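Results of the structural survey
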Amino acid sequence: MASNEELKSFILPLIDTIQSDRGDARVNALGTVWNLSAVDENGVYMGSKDLGLLPALVAVISSDRGGARVNALGTLMNLSVTEENRAYMGSKDLGLLPALVAVISSDRGHALLTALGLLINLSVTEDNRAYMGSKDLGLVFALVEVVLSNRGEAGVSALGTLWNLSAVSENGVYMG
């Protein structure tokens with residue numbers, strides 16, 4: 001098992017490539033980070049504010065529509081499984097949630113399904129639910145649109161997030 005310092009020395013150049021490249025190198029760096037995020041021992045450190053990976057991933061899903069976006073979403077999905085990462089991932093400061101609203105409002109296929117799975121994971125954390133269900137974010141409306149237009153896995157995933165969000169009283173008033 002690598003120490004956090006060893007992991008940092010390996011991941012920082014990948015973050016630099018993710019932030020500075022727009023081609024195959026970026027996609028490959030994101031694929032490498034995705035693989036590393038699948039190792040349970042790496043999850044907490046990779047999702048920490050100190051490392052700076054999450055803002056780089058948010059920038060990718062906000063600006064890219066291809067393989068780089070899919071790889072960034074896969075990494076975020078893996079990191080959202082770690083409970084310690086969810087509050088930061090759902091924070092207004094990071095900006096992940098508005099980026100995910102944009103993805104589920106415009107994407108189809110793998111990116112949509114991964115974004116919806118990520119939203120379910122984030123909605124499990126009680127501290128995220130009020131912001132996720134806020135009218136200003138627009139997530140509830142976007143999820144309802146997914147339910148209305150997708151009868152399959154995407155619709156079921158969207159309903160799972162709506163169910164979690166409805167557990168907060170102020171969301172229930174807005175949703176009702």
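Bear in mind that the values here come from a model prediction, so they are computed numbers and not experimental data.

Let us now look at the overall build of the protein. Along the protein, the regular secondary structure elements total 12 helices and zero strands. If you list the helices and strands of the protein from N to C, you get α-α-α-α-α-α-α-α-α-α-α-α. When the backbone C-alpha atoms are referred to their principal axes, the protein occupies close to 50 × 30 × 25 Å. At a minimum sequence separation of 6, the contacts of the protein that also span at least 24 residues come to 68%. One way to put it: in the protein the 12 positive side-chain charges average out to a point 9 Å from where the 19 negative ones average out.

Counting residues in hydrophobic clusters, the biggest one holds 54 residues, and the most contacted among them are Leu100 and Ile104. With near-sequence residues (within four places) excluded, Ile104 lies in contact with Leu112, Ala115, Leu116, Leu119, Leu139, Ala142, Leu143 and Val146.

With that settled, consider the packing of helix H4 (residues 53-63) against helix H5 (residues 67-80). Interhelical geometry of H4 versus H5 gives an angle of 140° and a closest axis separation of 8 Å. For the element pair H4 / H5, the angle class is oblique. Classified by chirality, the crossing of H5 by H4 is left-handed. Residues Leu53, Leu54, Leu57, Val60 and Ile61 of H4 lie in contact with H5, whose contacting residues are Ala68, Arg69, Ala72, Leu73, Thr75, Leu76 and Leu79.

This part is about the pattern of salt bridges. In the structure shown here, the tally under the stated rule is two salt bridges. Asp64 is the salt-bridge partner of Arg26, the closest N and O atoms lying 3.8 Å from each other. You can see Arg26 sitting in helix H2 (residues 24-37) and its partner Asp64 sitting in the loop between H4 and H5, a full 38 residues away along the chain. The exposure class assigned to Arg26 is buried, which follows from its relative accessible area of 3%. What makes Asp64 buried here is its relative accessible area of 15%. The residue Asp107 makes a salt bridge to Arg69 at a minimum N-O spacing of 2.3 Å. Of this pair, Asp107 sits in the loop between helix H7 (96-106) and helix H8 (110-123) while Arg69 sits in helix H5, and the two are 38 residues apart along the sequence. With relative accessibility at 9%, the residue Asp107 sits in the buried group.

Mapped onto the elements of the fold, Asn4 is located in helix H1 (residues 4-20). The class of Asn4 is partly exposed, set by a relative accessible area of 41%. Between the C-alpha atoms of Asn4 and Ala99, which are 95 residues apart in sequence, the distance is 28 Å.

To continue, consider the environment of Val140. Looking at where Val140 falls in the secondary structure, it is placed in helix H10 (residues 139-149). Among the residues examined, Val140 registers a relative accessible area of 8% and is labelled buried. Sequence-wise, Val140 and Val70 are 70 residues apart; in three dimensions their C-alpha atoms are separated by 23 Å.

Scoring rules and cut-offs
- Residues numbered from 1 in each chain as written.
- Predicted model: local features only at pLDDT ≥ 70, side-chain atom pairs only at ≥ 80, totals over all residues.
- Heavy atoms only, no water.
- Helix = DSSP H or I, 4+ residues; strand = E, 2+ residues; numbered from the N terminus.
- Contact = heavy atoms within 4.5 Å.
- Lys, Arg positive; Asp, Glu negative; His and termini not counted.
- Charge placed at Lys NZ, Arg CZ, Asp CG, Glu CD.
- Core = buried A, V, L, I, M, F, W, Y, C linked by side-chain atoms within 4.5 Å.
- Buried < 20%, exposed > 50% of the residue type's maximum accessible area, 1.4 Å probe, protein only.
- Axes fitted to C-alpha atoms, helices over the stretch in contact; angles between N-to-C directions.
- Parallel < 35°, antiparallel > 145°, perpendicular 65-115°, else oblique.
- Left-handed = near helix turned anticlockwise from the far one by under 90°.
- Salt bridge = Lys/Arg side-chain N within 4 Å of Asp/Glu carboxyl O.

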